[in-house]
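Letter by letter, the chains look like this.
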Amino acid sequence: MEKRPCGLCADTHAWVYRTGPVLEGGYGSVSYDTTRLILTDEGRLGDADRLCDACTAVLERDGAAHPYLTALGEAPKQAMPPTAYAEIFAHHARSTFDTLRRNGVVPVRTGPPIPLDQVDALRAELELDPSRARSFRVGQVNFAQETVRVARAHVLSATALGADLDEASIREAADRYGEAVGKSVALLGEMMDALMKQIPPGDG
Ligand SMILES: [Zn+2]
């Protein structure tokens, strides 16, 4: 990649790339190489499309960016706010929809509008949906990865059913998913806390 300065502080070591609401650390970034972060406050970046590690860390500290996927190292922590899950969902749904469109696939609606509930139900047949699950095996659920899969399944389900698939419908589905998965994340947190309390001090 061509060398360009950080869009926020002009530091010349700027290896975190922005694509819409997603930041991705590239080779050269010490802290974020291969890590993707979702932005929940895009306004703070203006038109910056490259960031240095320090500015990315400030966004993360302020809760404006949340790491959600990484190919190297530890999985990012999963306790993100509902808005972060909604943005991850919306971004990956748009991306899948764009790919379908590039291949000439356009959902065709012939009958009355298909309610979101119907799309959700088919989606749940295709992918484990953590926004609908009521129990989890602690340590085995990765909400961020599941969110990416559910977003893709949502677009395929909507296409198969001939449901509306545009920015407004993706936004509605994403917000609803984010709210619901936020409750699942909280539930898992409570399960973890209860589990930790069962372990006598000094035994962990
Ligand atoms: Zn910077």
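With respect to the overall build of the protein
Next up, step 1: The secondary structure content of the protein amounts to five helices and five strands.
Next up, step 2: Seen in sequence order, the protein has helices and strands lined up from the N terminus as β-β-β-β-α-β-α-α-α-α.
Next up, step 3: For the protein, with 204 residues in total, the buried portion stands at 35%.
Next up, step 4: For the protein, the share of sequence-separated contacts (at least 6 apart) that also reach a separation of at least 24 residues comes to 73%.

Let's talk about the sheet that holds strand S2 (residues 22–25)
Sheets are built from strands that pair by backbone hydrogen bonding, the pairs being arranged parallel or antiparallel.
Next up, step 1: With antiparallel pairing, five strands are arranged side by side in an open sheet as S4-S1-S2-S3-S5. Each edge of the sheet is formed by a strand with only one pairing partner; in this case those strands are strand S4 (50–51) and strand S5 (65–70).
Next up, step 2: Sheet analysis places strand S1 (residues 16–19) next to S2, joined by four bridges and oriented antiparallel. Looking at the pairing, Tyr17 lines up with Glu24 of S2.
Next up, step 3: Packed on one face of the sheet, helix H1 (residues 53–61) meets S1, S2, strand S3 (35–39), S4 and S5 and runs near 110° to S5.
Next up, step 4: Contacts from helix H2 (residues 82–102) reach S2, S3 and S5, with the element oriented near 110° to S3.

Quick notes on the domain arrangement of the protein
Next up, step 1: Once the domains are mapped, the protein shows domain 1 (16–70) and domain 2 (82–198).
Next up, step 2: The C-alpha-based centres of domain 1 and domain 2 are spaced at 23 Å.
Next up, step 3: Listed per partner, the contact involves nine residues of domain 1 and seven residues of domain 2.
Next up, step 4: Within the residue set of the side of domain 1 that touches domain 2, elements represented by two or more residues are S3 and S5.
Next up, step 5: Element by element, the count of residues in the side of domain 1 that touches domain 2 is highest for S5, at three residues.
Next up, step 6: Each residue belonging to the side of domain 1 that touches domain 2 can be placed in one class, and the counts come to six nonpolar, three polar and no charged.

Things to note about the nonpolar core
Next up, step 1: Among the nonpolar cores identified, the biggest contains 42 residues, and Tyr85, Ile88, Phe89, Ala93, Ala174 and Tyr177 are the most heavily contacted of them.
Next up, step 2: Elements with a minimum of two residues in this core: S3, H1, S5, H2, helix H4 (143–161) and helix H5 (167–198).
Next up, step 3: Split by domain, the residues of this core number at least three in each of domain 1 (16–70) and domain 2 (82–198).
Next up, step 4: With residues up to four places along the chain from it excluded, the contact list for Ile88 reads Ile38, Tyr68, Ala144, Thr147 and Val148.

Quick word on the pairing of S3
As a general feature of sheets, a regular strand has side chains that alternate between the two faces.
Next up, step 1: Burial of S3 is extensive: five of the five residues sit out of reach of the surface.
Next up, step 2: Alternating residues of S3 divide into Thr35, Leu37 and Leu39 and Arg36 and Ile38, and every residue in both groups is buried.
Next up, step 3: Where S2 meets S3, three bridges bridge the pair, whose relative direction is antiparallel. Each residue of the ladder has a partner; that of Leu23, found in S3, is Leu37.
Next up, step 4: In this sheet, S5 lies alongside S3 in antiparallel orientation, the contact comprising five bridges.

Overview of the packing of H2 against H4
Next up, step 1: It is at 8 Å that the axes of H2 and H4 come closest, and there the two elements cross at 45°. Considered as vectors, H2 and H4 are oriented oblique to each other. Note that H2 runs across H4; the crossing there is right-handed. Residues Tyr85, Ile88, Phe89, His92, Ala93, Thr96, Phe97 and Leu100 of H2 touch H4, and the partners they reach there are Phe143, Ala144, Thr147, Val148, Val150, Ala151, Arg152, His154, Val155 and Thr159.
Next up, step 2: By residue class, the composition of the contact of H2 with H4 is twelve nonpolar, five polar and one charged.

Regarding the environment of Ser157
Next up, step 1: Its location among the elements puts Ser157 in helix H4.
Next up, step 2: A sequence separation of 130 residues divides Ser157 from Tyr27, and the C-alpha atoms of the two residues are 36 Å apart.
Next up, step 3: Beyond its immediate chain neighbours, meaning those up to four positions away, Ser157 contacts Val119, Leu122, Arg123 and Leu126.

Thoughts on H1
Next up, step 1: Buried within H1 we find Asp53, Cys55, Thr56 and Leu59. Down the axis of H1, the buried set is contained in an arc of 165°. They therefore lie on one face.
Next up, step 2: Immediately beyond the C-terminal end of H1, within one or two residues, lies Gly63, with a positive phi of roughly 75°.

Scoring rules and cut-offs
Residues numbered from 1 in each chain as written. Predicted model: local features only at pLDDT ≥ 70, side-chain atom pairs only at ≥ 80, totals over all residues. Helix = DSSP H or I, 4+ residues; strand = E, 2+ residues; numbered from the N terminus. Buried ≥ 20, exposed ≤ 12 C-beta atoms within 10 Å, placed from the backbone. Contact = placed C-beta atoms within 7 Å. Pairing = 2+ DSSP bridges. Axes fitted to C-alpha atoms, helices over the stretch in contact; angles between N-to-C directions. Domains from an automatic or database assignment. Nonpolar A, V, L, I, M, F, W, Y, C, P; charged D, E, K, R; others polar. Core = buried A, V, L, I, M, F, W, Y, C linked by C-beta atoms within 7 Å. Parallel < 35°, antiparallel > 145°, perpendicular 65-115°, else oblique. Left-handed = near helix turned anticlockwise from the far one by under 90°. Arc of directions from axis to C-beta.

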